[in-house]
Amino acid sequence: MPGFLDDVLILLRPRFLSFKNPLVAANSKKEFYRNLFLGTAGFLFWIGIFIISLRTLKYFYRIEGLGDILVFKLLSMLVLTSFSFLIFSSILTSLSKLYLSRDLELVHSMPVSGNRIFFARWIESTADSSWMVVIYTLPVFVALGVVNKAGLFFYLNTALVLLSLSFIASGISSVLVMAAVFIIPAGRMKSILLFLGFTLFLTLFMVFRMLKPEQLVDPDVFATVVVYLDTLKAPSSPLLPSTWVYDSIKESLSGSLRSSFFHSALSWSFVSVIIFINILIADLIYRRGFSKSQTASSRVFRYKYSDFPFTGFLTGASRAFVVKEIKTFFRDQTQWSQLLLIGALVIIYVFNFSVLPLERAPIKTIYLQNLLAFLNMGLCLFVLTAVAGRFAYPAVSSERDAFWLVKASPVKIKTILWIKFFIYFLPLLILSEILIVATNIILQVDAFMMALSFISVLLIVPGIVSIGIGFGAAYPDFKSENPAQSVTSFGGLLFMMICAGYIMAVIILEAGPVYDIFMASVHQRSMTVLQWLRAVISFSIVIVISILAIILPMRFGEKGLSKVLP
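Scoring rules and cut-offs
- Residues numbered from 1 in each chain as written.
- Predicted model: local features only at pLDDT ≥ 70, side-chain atom pairs only at ≥ 80, totals over all residues.
- Heavy atoms only, no water.
- Helix = DSSP H or I, 4+ residues; strand = E, 2+ residues; numbered from the N terminus.
- Contact = heavy atoms within 4.5 Å.
- Salt bridge = Lys/Arg side-chain N within 4 Å of Asp/Glu carboxyl O.
- Buried < 20%, exposed > 50% of the residue type's maximum accessible area, 1.4 Å probe, protein only.
- Expected span 1.5 Å × (residues − 1).
- Bend = angle between axes of the 7 residues up to and from the residue.
- Axes fitted to C-alpha atoms, helices over the stretch in contact; angles between N-to-C directions.
- Parallel < 35°, antiparallel > 145°, perpendicular 65-115°, else oblique.
- Left-handed = near helix turned anticlockwise from the far one by under 90°.
- Nonpolar A, V, L, I, M, F, W, Y, C, P; charged D, E, K, R; others polar.
- Phe/Tyr/Trp six-rings, centres within 6.5 Å; stacked < 30°, edge-to-face > 60°.
- Lys NZ or Arg CZ within 6 Å of the ring centre and 35° of its normal.
- Polar contact = N/O pair within 3.5 Å; in protein donor to acceptor, adjacent residues only side chain to side chain.
- Core = buried A, V, L, I, M, F, W, Y, C linked by side-chain atoms within 4.5 Å.
- Patch = residues over 30% accessible without salt bridge, like charges linked within 9 Å, V, L, I, M, F, W, Y side chains within 5 Å.
- Areas by Shrake-Rupley, 256 points an atom, 1.4 Å probe, with all protein chains shown as cover.

Caption draft 1: Up close: the overall build of the chain. When helices and strands are counted, the chain shows 18 helices and zero strands. Long-range contacts, defined here as pairs at least 24 residues apart, represent 83% of the contacts in the chain between residues at least 6 apart.

Okay, structure coming up:
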């Protein structure tokens, strides 16, 4: 055992040094200020989640007779949802760390057994896939402890069981990944990703249906209030690890230390079991699975230059670059599972609106429908920002070491960026319009709100894509193993913050005029001159901001990328 741990620590040493080296580098001052900015922004976001959670929990606890039940129901939903997200993230990260990392050929040439290489990589995968989920769910539990005046044991126990949940999710994911890579024939990595993506969709759908969130706002579906309350109290399956974590947190909150220790021990004992199973399976099949994954992949699509007739209006060099971008996208193995996952999230996003019991709400249906449609426009654009962060922002970083070829080509940097813009703009625009139109049809909004949502999305989507391409070009990361992870960098954070500010500015500018127009339509009266003037000014500012959001980031990206040495 000491020899095993020594080898694992040696394999993890480069990862530890990767945190130390930036601090002693020549440009460490610049890195320090970047990290300070990122840390401050992350801390403020953490504080924001804590404040919102605190206010929400206090509100629920003021509901007599039902408050405690709702809080623990939401707590159960949070733990189960966190567990599902941990599994999703762990599957994708495990596949990258165990089979697709560029340094694996060097690592596997070392005189170290496969199970030790696997265990070191598994620890890295666990840390990379779970740190964000754990850190940004902690403020909810801290707020829960503050509201209930819990002791130190509650906070320590909560941190430990969330850590055990991360290990369990990572262990289950790595078993699935190793089995998939070993079973599916060599050269079929895309098929593996399709299989994993389909598994993610089924798991997400099953978890979502188990939560049944529409029951929280629709007690009329039950015969009596007693049955309704009893349903909310119904526990999750005792076989789920998330149930052990939930029970441990709940018991520690109520002061039942013995019961809390039992559920915590149950969770950690399963961690030891899943680690043992992983090492055993890795010893049997990991090296052979890695060898299979290194074989040449079979092509799912074969392209000819004549397959892209829509590029005929471009010049030779620009047309070749467009074809190269499209081919690269479809050949990138990591894109397939992301596309399936996005498809699953879109279906569930639309499904959320289909189960809303609007007719039972205390607000008039016509007001609630249009209010939700207006808020849904902002929510849809925030979802688009997350998708653009996955595809548009890493578009330049995906060139990796071949960037010198791109820069040496007879195509201007400006043209390259605009080509990338249009390649990602059209699919993201179609996705956004499908989301907004489908949900508005379900909400049965009036023609004005439908037109407003459609046109607003049409104006904002190119701005979001431009910000993604521009900032991705200004802050490229050509050395990253997975360019998609570049969105968590300094430039990625700026991209997210600017997009969020852009969306909020548009929503705020449109809110007043939309309210005036809607109320005038409902009450069948004319708008005043001042109201019309306000509407014209607000919508004109929105158009100007949208145009600037397209032009300025692309110029910023062109300027920054021109300074990057090939």
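Caption draft 2: Just the pattern of salt bridges, in detail. Under the criterion given, the structure shown has three salt bridges. For K97, the salt bridge identified is with E124, shortest N-O distance 3.5 Å. Residue K97 is found in helix α3 (residues 67-100), and its partner E124 is found in helix α5 (residues 114-147); the two are separated by 27 residues along the sequence. Here E124 falls in the buried class, since its relative accessible area comes to 10%. A salt bridge links R534 to D516, with the nearest nitrogen and oxygen atoms 3.2 Å apart. Taken together, the residues span a long stretch of sequence, with R534 in helix α18 (residues 529-562) and D516 in helix α17 (residues 490-522) at a distance of 18 residues.

Caption draft 3: Expanded view of helix α15 (residues 413-443). Here α15 spans 44 Å end to end across 31 residues, near enough to the 45 Å set by a 1.5 Å rise per residue. At F425, α15 is deflected by roughly 25°, the largest bend along its length, and proline P427 occurs up to four residues later in sequence. A positive backbone phi angle near 60° is found at Q444, which sits one or two residues after α15.

Caption draft 4: View of unusual backbone geometry. Phi is positive for K149, which is not a glycine, with a value near 55°. One can find K149 in the loop between α5 and α6 (152-183). Relative accessible area serves as the criterion here: at 76%, K149 is assigned to the exposed category.

Caption draft 5: Broad picture of the environment of F72. Within the secondary structure, F72 sits in helix α3. Through-space distance from the C-alpha of F72 to that of K250 is 7.8 Å; in sequence the pair is 178 residues apart.

Caption draft 6: Representation of α18 in the model. Between its first and last C-alpha atoms α18 spans 50 Å; for 34 residues at 1.5 Å apiece the expected length is 50 Å, and the two agree. Turning to α18, its buried residues number three or more, namely Q531, A535, S538, V542, S546, A549, P553, M554, G557 and L561. Buried residues along α18 sit against α14 (403-408), α15, α16 (447-474) and α17.

Caption draft 7: The packing of α15 against α16, seen in detail. The N-to-C vectors of α15 and α16 enclose an angle of 150°; their axes lie 9 Å apart at closest approach. Considering their axes alone, α15 and α16 lie roughly antiparallel with respect to each other. The two elements α15 and α16 cross, and the hand of that crossing is right-handed. Residue composition of the contact of α15 with α16, grouped by class: 19 nonpolar, four polar and two charged.

Caption draft 8: Local environment of the packing of aromatic side chains. Under the definition given, this model contains 18 aromatic pairs. Seen in terms of ring centroids, F167 and W268 are 6.1 Å apart; in terms of plane orientation they differ by 55°. Their pairing is tilted. Of the two residues, F167 sits in helix α6 while W268 sits in helix α10 (residues 257-293), which places them 101 residues apart along the sequence. An aromatic cluster is built from F119, W122, F167 and W268, whose rings are joined through pairwise contacts. Between the NZ or CZ atom of K250 and the centre of the ring of F72, over which it lies, the distance is 5.2 Å.

Caption draft 9: Representation of the environment of S540 in the model. In this structure, S540 sits in helix α18. Judged by relative accessible area, S540 falls into the partly exposed class, the value being 36%. For the pair S540 and L509, spaced 31 residues apart in sequence, the C-alpha separation works out to 9.8 Å. A distance of 2.6 Å separates a polar side-chain atom of S540 from the backbone oxygen of V536.

Caption draft 10: The side chain of S174, seen in detail. Of note, S174 is situated in helix α6. Only 2.3 Å separates the side chain of S174 from the side chain of N278, close enough to count as a polar contact. When near neighbours in sequence (up to four residues on either side) are disregarded, S174 contacts S94, L98, F118, W122 and N278.

Caption draft 11: Local environment of the nonpolar core. Of all hydrophobic cores here, the largest spans 58 residues; its most connected members are L381, L417, I464, V465, I469 and L561. Of all the secondary-structure elements, those providing two or more residues to this core are α11 (316-331), α13 (365-391), α14, α15, α16, α17 and α18. Counting 52 residues, the second-largest nonpolar core is a separate cluster that includes F88, I91, V134 and A143.

Caption draft 12: Up close: the packing of α3 against α6. Where α3 contacts α6, the axes come no closer than 8 Å and their chain directions differ by 45°. Regarding the angle of α3 to α6, the classification is oblique. Between α3 and α6 lies a crossing whose hand is right-handed. For the pair α3 and α6, contact is made by V79, F83, L86, I87, S90, I91, S94, L95, L98 and Y99 and by L165, S166, I168, A169, S170, I172, S173, S174, L176, V177, M178 and V181, respectively. A breakdown of the residues in the contact of α3 with α6 according to their chemical character gives 16 nonpolar, six polar and no charged.

Caption draft 13: Structural view of a nonpolar patch on the surface. Taken together, the side chains of I543, V544, I547, L548, I551 and L552 present a nonpolar region at the surface, about 500 Å² in accessible area. Structurally, L548 is set in helix α18. With a relative accessible area of 42%, L548 lands in the partly exposed category.

Caption draft 14: Summary view of the side chain of N440. Relative to the helices and strands, N440 resides in helix α15. Discounting residues that sit within four places of it in the chain, N440 has contacts with A373, N376, V445, M449, M450 and S453.

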